[in-house]
Amino acid sequence: MAMGETPITITGNLTSDPELKFANSGAAMVRFTVASTPRAYDRESGQYKDGTSMFMRCSAWRHLAEHVAESLTKGMRVIVSGRLRQLDWQNDQGENRSMLVMEVDDIGPSLTFATAAVTKAAPRNDGGSKPATSNDVWNTPAKSDGDLPPF
């Protein structure tokens, strides 16, 4: 991790199935959102009360992206570790906009209320890329993996 980056770990539930895409370079990229809701015990009512939910958009690349898409589905409770990135842009009306996204370094199922069977992935040398085929019209090399925005 580079100096000045903002590390973060979030525990929450996937709001939908992870969406796997491939950059023009062939690098795999996955997008998903994690909902995290704090919960506190209220002694007066004798019940737990939910706080305000946070929805964190996340993205992962290459092998990790493919593993996420193959392993995780909507509703699963996960623990996600990564770095915050701020995306800035202008909308059609010329207004400045920004949002925070999480660039995922590691993710796995939470085992607090579930069990999981882990299967070690076979080593690969292709960098987590979609196999190239001669008749794939979309398989044009890109200058970098930056041809797909995190969101």
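Residues numbered from 1 in each chain as written. Predicted model: local features only at pLDDT ≥ 70, side-chain atom pairs only at ≥ 80, totals over all residues. Heavy atoms only, no water.

Looking at an unreviewed UniProt entry, one finds the chain named Single-stranded DNA-binding protein, with Streptomyces kasugaensis as its source organism.

J.: I keep staring at the overall build of the chain and nothing clicks. Help me out?
T.: Along its length, the chain carries 1 helix and 8 strands. For the chain, the α and β elements follow one another from N to C terminus as β-β-β-β-β-β-α-β-β. In the chain, buried positions account for 28% of the 151 residues. Of the contacts made within the chain by residues no fewer than 6 positions apart, 66% connect residues no fewer than 24 positions apart. In the structure as shown, the chain presents an accessible area of about 10400 Å², 50% of it carried by carbon and sulfur atoms. (Helix = DSSP H or I, 4+ residues; strand = E, 2+ residues; numbered from the N terminus. Buried < 20%, exposed > 50% of the residue type's maximum accessible area, 1.4 Å probe, protein only. Contact = heavy atoms within 4.5 Å. Areas by Shrake-Rupley, 256 points an atom, 1.4 Å probe, with all protein chains shown as cover.)

J.: What's the story with the packing of aromatic side chains in this structure? I'm lost.
T.: Per the stated rule, a full pass over the model turns up 1 aromatic pair. Ring centres 5.2 Å apart and planes at 65 degrees place the aromatic pair tyrosine 41 and tyrosine 48 in the edge-to-face group. Tyrosine 41 gets classed as partly exposed once you look at its relative accessible area, which sits at 45%. (Phe/Tyr/Trp six-rings, centres within 6.5 Å; stacked < 30°, edge-to-face > 60°.)

J.: Looking at this structure, how should I read the pairing of strand β7 (residues 77-90)?
T.: Bridge count for strand β1 (residues 6-14) against β7 is 8 bridges, and the pairing is antiparallel. Residue pairing in the sheet places threonine 9 in a bridge with serine 81 of β7. Alignment of β7 against strand β8 (residues 96-109), held across 13 bridges, turns out to be antiparallel. The residue of β8 that forms the bridge with tryptophan 89 is arginine 97. Between β7 and β8, which pair antiparallel one after the other, the connecting turn spans 5 residues, and glycine 94 there sits at a positive phi close to 85 degrees. (Pairing = 2+ DSSP bridges.)

J.: Where do I start with the environment of methionine 56 in this structure?
T.: Within the secondary structure, methionine 56 is located in strand β6 (residues 54-61). The class of methionine 56 is buried, set by a relative accessible area of 7%. Separated by 41 residues in the primary sequence, methionine 56 and threonine 15 have C-alpha atoms spaced 9.9 Å apart. Other than its neighbours up to four places away in sequence, methionine 56 contacts Ile10, Phe32, Thr33, Val34, Leu84, Leu100, Val101 and Met102.

J.: Would you mind showing me how to read unusual backbone geometry here?
T.: As a rule of thumb, non-glycine residues mostly have phi less than zero, and peptide bonds are mostly trans rather than cis. Its identity as a non-glycine residue notwithstanding, arginine 62 has a phi of 55 degrees, on the positive side. Residue class for arginine 62 comes out partly exposed when judged on its relative accessible area of 34%.

J.: What's the story with helix α1 (residues 62-71) in this structure? I'm lost.
T.: Each α-helix winds once per 3.6 residues, and so residues spaced three or four apart point in a common direction. Listed in full, the buried residues belonging to α1 are Leu64, Ala65, Glu66 and Val68. As for α1, its buried residues are in contact with β2 (19-22), β3 (28-36), β6 and β8.

J.: Looking at this structure, how should I read the pattern of salt bridges?
T.: Proximity of charged atoms lets side chains of opposite charge pair with each other. All chains considered together, the criterion is met by 9 salt bridges. For arginine 83, the salt bridge identified is with glutamate 5, shortest N-O distance 3.4 Å. In this pair, arginine 83 sits in strand β7 while glutamate 5 sits in the segment before β1, placing the two residues 78 residues apart along the sequence. Grouping residues by exposure puts arginine 83 and glutamate 5 together as buried. For the salt bridge of arginine 83 with glutamate 103, the shortest nitrogen-to-oxygen distance reads 3.1 Å. On the criterion of sequence distance, the pair formed by arginine 83 in strand β7 and glutamate 103 in strand β8 is long-range, its members being 20 residues apart. (Salt bridge = Lys/Arg side-chain N within 4 Å of Asp/Glu carboxyl O.)

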